[in-house]
Amino acid sequence: MTTHKKLTPFSPFPPQSHGGHFLLGVKRIAAHLNAGSPHPLTERQVRYLIERGGVPTFRIGVHLCSTPALIDEHFRKLANGGNDNERED
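Before going into details, it helps to say that this report is about the structure given with it. Quick caveat, the model's predicted, so the values are computed rather than measured.

In terms of nonpolar packing, the biggest core is built from 9 residues, these being Leu23, Val26, Ile29, Ala30, Val46, Ile50, Val55, Leu64 and Ile71. Those elements that provide at least two residues to this core are helix 2 (26-34) and helix 3 (43-51). For this core, the element with the most residues is helix 2, which contributes 3 residues. With residues near it in sequence (within four places) discarded, Leu64 still touches Leu23, Leu24, Gly25, Val26, Ile29, Ile50, Thr57, Phe58 and Arg59.

Below is the structure:
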């Protein structure tokens, strides 16, 4: 019996830089943004935020993508007033 390795999608980034996986499409990006939220955003609201540059995304072919790490880092920076360094209060 032959065993096969599990194939993983090609990624131009090292696994640590994007949390190990992509969020492929607005539906999955919205699901990540809404995780644990008492007031979830609709897909249309997420698409609007993306169009206005409020959520970091990139394209792979025709697909709009992001990564959990990219989104989390973006909002962490916004929470710190746009500074790269965390505040020390």
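Where helix 2 meets helix 3, the closest approach of the two axes is 9 Å, and the angle between their N-to-C directions is 95°. The orientation of helix 2 with respect to helix 3, classified from their angle, is roughly perpendicular. Contacts between helix 2 and helix 3 involve Val26, Lys27, Ile29, Ala30 and Leu33 on the former and, on the latter, Glu43, Val46, Arg47 and Ile50. When grouped by side-chain class, the residues that make up the contact of helix 2 with helix 3 number 6 nonpolar, no polar and 3 charged.

Calculation rules
- Residues numbered from 1 in each chain as written.
- Predicted model: local features only at pLDDT ≥ 70, side-chain atom pairs only at ≥ 80, totals over all residues.
- Heavy atoms only, no water.
- Core = buried A, V, L, I, M, F, W, Y, C linked by side-chain atoms within 4.5 Å.
- Buried < 20%, exposed > 50% of the residue type's maximum accessible area, 1.4 Å probe, protein only.
- Helix = DSSP H or I, 4+ residues; strand = E, 2+ residues; numbered from the N terminus.
- Contact = heavy atoms within 4.5 Å.
- Axes fitted to C-alpha atoms, helices over the stretch in contact; angles between N-to-C directions.
- Parallel < 35°, antiparallel > 145°, perpendicular 65-115°, else oblique.
- Nonpolar A, V, L, I, M, F, W, Y, C, P; charged D, E, K, R; others polar.

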